[in-house]
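Each chain, written out:
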Amino acid sequence: VTADGSRPVDGSGIKIGAISNSFDANLPEVDQPTNEEIDVGNGDLPGTKGIGNPNGYDTPVQVLKDYPYSFAQISDEGRAMLQIAHDIAPGASLAFSTGVLSPRDFELAVQNLSSVEVDVMMDDITFPGEPMYGLSNIGRAIQDFTNSGENFYFTSIGNFSNKAYQAIFQAAGGVDIPEFVPDADAVAHVFGTNPDGSEDIYQRFRVKAGETYMIVTQWAESFASQDNSLGATNDLDFWVVDDQERLLVGNNYYNNTKDAIEYSTFKATADGEANFLITSANGNPGSLPFRYIIFVANSLEVLEYFDGAPTISGHALTPEAFAIGAVDFRKAASPVPQPFSSYAGTLSDGSTPQATLASYDGVN
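A brief report on the enclosed structure follows.

Definitions and cut-offs
- Residues numbered from 1 in each chain as written.
- Predicted model: local features only at pLDDT ≥ 70, side-chain atom pairs only at ≥ 80, totals over all residues.
- Heavy atoms only, no water.
- Buried < 20%, exposed > 50% of the residue type's maximum accessible area, 1.4 Å probe, protein only.
- Helix = DSSP H or I, 4+ residues; strand = E, 2+ residues; numbered from the N terminus.
- Contact = heavy atoms within 4.5 Å.
- Salt bridge = Lys/Arg side-chain N within 4 Å of Asp/Glu carboxyl O.
- Polar contact = N/O pair within 3.5 Å; in protein donor to acceptor, adjacent residues only side chain to side chain.
- Pairing = 2+ DSSP bridges.
- Axes fitted to C-alpha atoms, helices over the stretch in contact; angles between N-to-C directions.
- Right-handed = clockwise from strand over helix to strand, strands pointing away.
- Core = buried A, V, L, I, M, F, W, Y, C linked by side-chain atoms within 4.5 Å.
- Expected span 1.5 Å × (residues − 1).
- Lys, Arg positive; Asp, Glu negative; His and termini not counted.

1. Focus on helix α4 (residues 137-146)
Phase 1: Counting buried positions over the ten residues of α4 gives eight, a clear majority of the element.
Phase 2: When α4 is considered as a whole, its buried residues turn out to be Asn-137, Ile-138, Gly-139, Ala-141, Ile-142, Gln-143, Phe-145 and Thr-146.
Phase 3: In this fold, the buried residues of α4 make contact with α3 (103-115), β4 (120-123), β5 (152-156), α5 (224-227) and β18 (321-328).

Here it is in structure tokens:
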């Protein structure tokens, strides 16, 4: 303890675990040191590999499971995360597990890191298939971890800006839906009102040639894969329709007793505009909250009935997890969110997940 009462802290006695895509799966040149060995020798990671850590931090990273398919293009984000942790708390011991193979793989990563007595856990992963409402299985594993002691969990809030739409399903009354919709009882969601006062069941958007897009729609009902329950009782469908009401994109996944989710992935073959259409296959679902997130937006522009909505989803919704937004480290004196950083806020089911903190992106 110094004369002014302060105490130097280097993280000694604390164990930090990271979950990401990989740790040291990016293959080096033949007969060259691994990336971990290079980092240890440079003092960027603790350990004894190569020439040894020059600062005397010799406990190596405990790798419980690395990404099993080594190839040169994988980014080793987990190693980068632990480099930052070692910069901030060089005395802390470090651990890693991959968690990108599936949501179940991620859930096991949380449990396995907890079993080796990690105190602080962090991840940078988003699964579009995790629930956009309520608690996921990964969220339950996080709760078990944080409730097992004085443990803390930090997760990226996401990189999807406010590229989302949410509403309470409003069934159209007297509007005919396109003939390609196969369900006799199907009704369309009303996005707004046409200039003539009629119900508008279309939401217009614009794309550019060659770009690929992914949009995921979910509604506030049970996921059979998450809750071990009977699953959804409603079946919403997401369509891309041209101005002649012809189908351009539509998966029409039957959701009853399954997960309350629809995936839409498509590539634009030309610059142009089209329309989103959302229908309920088994009639009016009542006051059903739903949301779609544009996980791969590229140049897509939604031209109407779109003010942006929260894009926080999956395990970032877990109340016990700290959801972390991104700020540019060069603007730390007057921080503002990075343009890509996801938004929290009030969801269409009335829940209010929050971005707990913001931290530096693009560190030096």
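Anyway, onward from the coordinates.
2. Topic: the pattern of salt bridges
Phase 1: The final tally for this structure, using the stated rule, is ten salt bridges.
Phase 2: The partner of Glu-107 in a salt bridge is Arg-104, and the shortest N-O contact between them spans 3.2 Å. Taken together, the residues span about one helical turn, with Glu-107 and Arg-104 both in helix α3 at a distance of three residues.
Phase 3: Across the pair Asp-243 and Arg-204 runs a salt bridge whose closest N-O atoms are separated by 2.7 Å.

3. Description of the side chain of Ser-280
Phase 1: Position of Ser-280 among the secondary structure elements: in strand β15 (residues 272-280).
Phase 2: Ser-280 sits in the buried class, given a relative accessible area of 0%.
Phase 3: Only 2.6 Å separates the side chain of Ser-280 from the backbone oxygen of Gly-283, close enough to count as a polar contact.
Phase 4: Not counting the four nearest positions on each side in its chain, Ser-280 is found in contact with Phe-169, Asp-185, Ala-186, Val-187, Asp-235, Leu-236 and Pro-285.

4. Some points on the sheet that holds strand β16 (residues 289-296)
Phase 1: Here we have four strands laid out as an open sheet, ordered β6-β16-β11-β14, and antiparallel in their pairing. The open sheet has two edge strands with one neighbour each: β6 (164-168) and β14 (261-267). Each strand of the sheet is rotated relative to its neighbour by a mean of 15°, with strand direction disregarded.

5. Some thoughts on the pairing of β5
Phase 1: Relative to β5, β4 runs parallel, the two sharing four bridges. Directly across from Asp-123, in β5, lies its bridge partner Thr-155.
Phase 2: Since β4 and β5 lie parallel, the crossover through α4 that links them has a hand, and here it is right-handed.
Phase 3: Where β5 and β18 come together, four bridges link them in parallel fashion. When the bridges of β18 are listed, Thr-155 appears paired with Ala-323.

6. Some remarks on the nonpolar core
Phase 1: Within the largest apolar cluster, 45 residues are counted, with the highest numbers of intra-cluster contacts made by Phe-266, Phe-276, Tyr-292 and Leu-300.
Phase 2: For this core, the elements supplying multiple residues, two or more each, are β6, β10 (203-207), β11 (212-219), β12 (236-241), β14, β15 and β16.
Phase 3: Excluding residues that lie within four positions of it along the chain, Phe-266 makes contacts with Phe-205, Val-207, Glu-211, Thr-212, Tyr-213, Ile-215, Val-240, Val-249 and Leu-300.
Phase 4: Among the nonpolar cores identified, the runner-up in size contains 16 residues, and Val-110, Leu-113, Ala-141 and Tyr-153 belong to it.

7. Concerning α3
Each α-helix turn comprises 3.6 residues. Residues three or four places apart therefore point the same way.
Phase 1: Taking 1.5 Å per residue, 13 residues should reach 18 Å; α3 reaches 19 Å between its end C-alpha atoms and fits that length.
Phase 2: Among the residues of α3, Asp-105, Phe-106, Glu-107, Ala-109, Val-110 and Leu-113 are the ones counted as buried.
Phase 3: Phi for Glu-117, located one or two positions after α3, is positive at around 65°.

8. Notes on the sheet that holds strand β1 (residues 15-20)
Phase 1: Ordered in space as β2-β3-β1-β4-β5-β18-β19, the seven strands form an open sheet in which the pairing is parallel. The open sheet has two edge strands, β2 (62-65) and β19 (357-361), and neither has a second partner. Neighbour-to-neighbour, the strand axes of the sheet open up by a mean angle of 25°, direction not taken into account.
Phase 2: Alignment of β1 against β4, held across four bridges, turns out to be parallel. Following the sheet pairing, Ala-18 is matched in β4 by Met-122.
Phase 3: Across the sheet, helix α2 (residues 77-88) touches β1, β3 (93-98) and β4, and the angle it forms with β1 is around 155°.

9. Some points on the environment of Val-61
Phase 1: When you line up the elements, Val-61 lands in the loop between α1 (35-42) and β2.
Phase 2: In this structure Val-61 comes out as buried when scored by relative accessible area, which is 8%.
Phase 3: Val-61 sits 14 residues away from Gly-47 along the chain, and the two C-alpha atoms are 6.8 Å apart.

10. Quick look at the side chain of Glu-130
Phase 1: Topologically, Glu-130 is positioned in the loop between β4 and α4.
Phase 2: Buried and unpaired, Glu-130 has no salt bridge, with Arg-140 as the nearest side chain of opposite charge at 8.6 Å.
Phase 3: Setting aside its immediate chain neighbours within four residues, Glu-130 contacts Ser-136, Ile-138, Gln-218, Gly-314 and His-315.

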